[in-house]
Amino acid sequence: MKKRVLIICTGNSARSQMAEALLRDRLGDRVEVHSAGTHPAERVHPLAVRALAELGLDLSGARPKPLEIFLEEPWDLVVTVCDPAREVCPVFPGAKEQIHVGFPDPAQAEGSEEERLEVFRKVRDEILSRLLPEVAKRV
């Protein structure tokens, strides 16, 4: 039976969406993964879509979701990926374990589109190098 993992961020438009897609791609045989935001954005950030497309992952159909729709569900692991979400994240009564692995917000990057895309790539790669192993050893 697959372990259930929920990734939480503020807007559910970049970090948590990238984490959800990457975990599903790399650990999909072991996990059922979802993501949500404490204050969901209108859409997934286009540069998050581009950064994952470079790895062959399609985020174009993804939509930010509110955290509240997942509150009553049972989770094996709940992960916050940004400090603001960790600070306001409710206790999940159905969560077996809750951890924090924080990443800077790539949506706050400034500069040209290429410079901002590079920040998204860096966060994407950090998710792979830091979050993926943390989740893998727990599921």
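Up top is the structure.
This report concerns the structure included in the present document. (Residues numbered from 1 in each chain as written. Predicted model: local features only at pLDDT ≥ 70, side-chain atom pairs only at ≥ 80, totals over all residues. Heavy atoms only, no water.)

Concerning the overall build of the protein chain
Thinking step 1. Per the secondary structure count, the protein chain includes four helices and four strands.
Thinking step 2. Secondary structure elements of the protein chain occur, N-terminal to C-terminal, as β-α-β-α-β-α-β-α.
Thinking step 3. A globule of 139 residues ought to have a C-alpha radius of gyration of about 14 Å, and the protein chain, at 14 Å, matches this closely.
Thinking step 4. Expressed as a percentage of the 139 residues in the protein chain, the buried residues total 48%.
Thinking step 5. A separation of at least 24 residues holds for 71% of the contacts in the protein chain among residues at least 6 apart in sequence.
Thinking step 6. Summed over its atoms, the accessible surface of the protein chain is roughly 7,000 Å², and 50% of this surface lies on carbon and sulfur atoms.
Thinking step 7. Separation of charge centres in the protein chain, based on 20 positive and 23 negative side chains, amounts to 4 Å. (Helix = DSSP H or I, 4+ residues; strand = E, 2+ residues; numbered from the N terminus. Rg over C-alpha atoms; globule rule 2.2 N^0.38 Å. Buried < 20%, exposed > 50% of the residue type's maximum accessible area, 1.4 Å probe, protein only. Contact = heavy atoms within 4.5 Å. Areas by Shrake-Rupley, 256 points an atom, 1.4 Å probe, with all protein chains shown as cover. Lys, Arg positive; Asp, Glu negative; His and termini not counted. Charge placed at Lys NZ, Arg CZ, Asp CG, Glu CD.)

Section: the sheet that holds strand β1 (residues 3-9)
Thinking step 1. Strand order in this open sheet of four strands is β2-β1-β3-β4, and the pairing throughout is parallel. Each end of this open sheet is capped by a strand with a single partner; those strands are β2 (31-37) and β4 (98-100). Strand-to-strand twist in this sheet, taken as the mean axis angle between neighbours without regard to direction, amounts to 20 degrees.
Thinking step 2. The sheet contact formed by β1 and β2 spans seven bridges and is parallel. (Pairing = 2+ DSSP bridges. Axes fitted to C-alpha atoms, helices over the stretch in contact; angles between N-to-C directions.)

Regarding the layout of surface pockets
Thinking step 1. Roughly 170 Å³ of volume is contained in the largest pocket.
Thinking step 2. Lining the largest pocket, in full, are M1, K2, K3, R4, E32, P74, W75, D76, G94 and K96.
Thinking step 3. Each residue belonging to the lining of the largest pocket can be placed in one class, and the counts come to three nonpolar, one polar and six charged. (1 Å grid on protein atoms, 1.4 Å probe; cavity = no way out; pocket = protein on both sides within 12 Å on 5 of 7 lines; lining within 4 Å. Points joined across faces, edges and corners; volume = space filled by probe spheres on them. Nonpolar A, V, L, I, M, F, W, Y, C, P; charged D, E, K, R; others polar.)

Some points on the side chain of S35
Thinking step 1. On the secondary structure map, S35 appears in strand β2.
Thinking step 2. In this structure the side chain of S35 is engaged in a polar contact, spanning 2.8 Å, whose partner is the side chain of N12.
Thinking step 3. Those residues in contact with S35 that lie beyond four places of it in its chain are L6, I7, N12, S16, Q17, E20, K65 and F70. (Polar contact = N/O pair within 3.5 Å; in protein donor to acceptor, adjacent residues only side chain to side chain.)

Re helix α2 (residues 46-53)
Every α-helix carries 3.6 residues per turn, so stepping three or four residues along brings you back to the same face.
Thinking step 1. For α2, the full list of buried residues reads L47, A48, A51 and L52. Each buried residue of α2 sits inside an arc of 135 degrees when the element is viewed along its axis, so together they form one side.
Thinking step 2. In this structure, the buried residues of α2 make contact with α1 (15-27) and α4 (113-136). (Arc of directions from axis to C-beta.)

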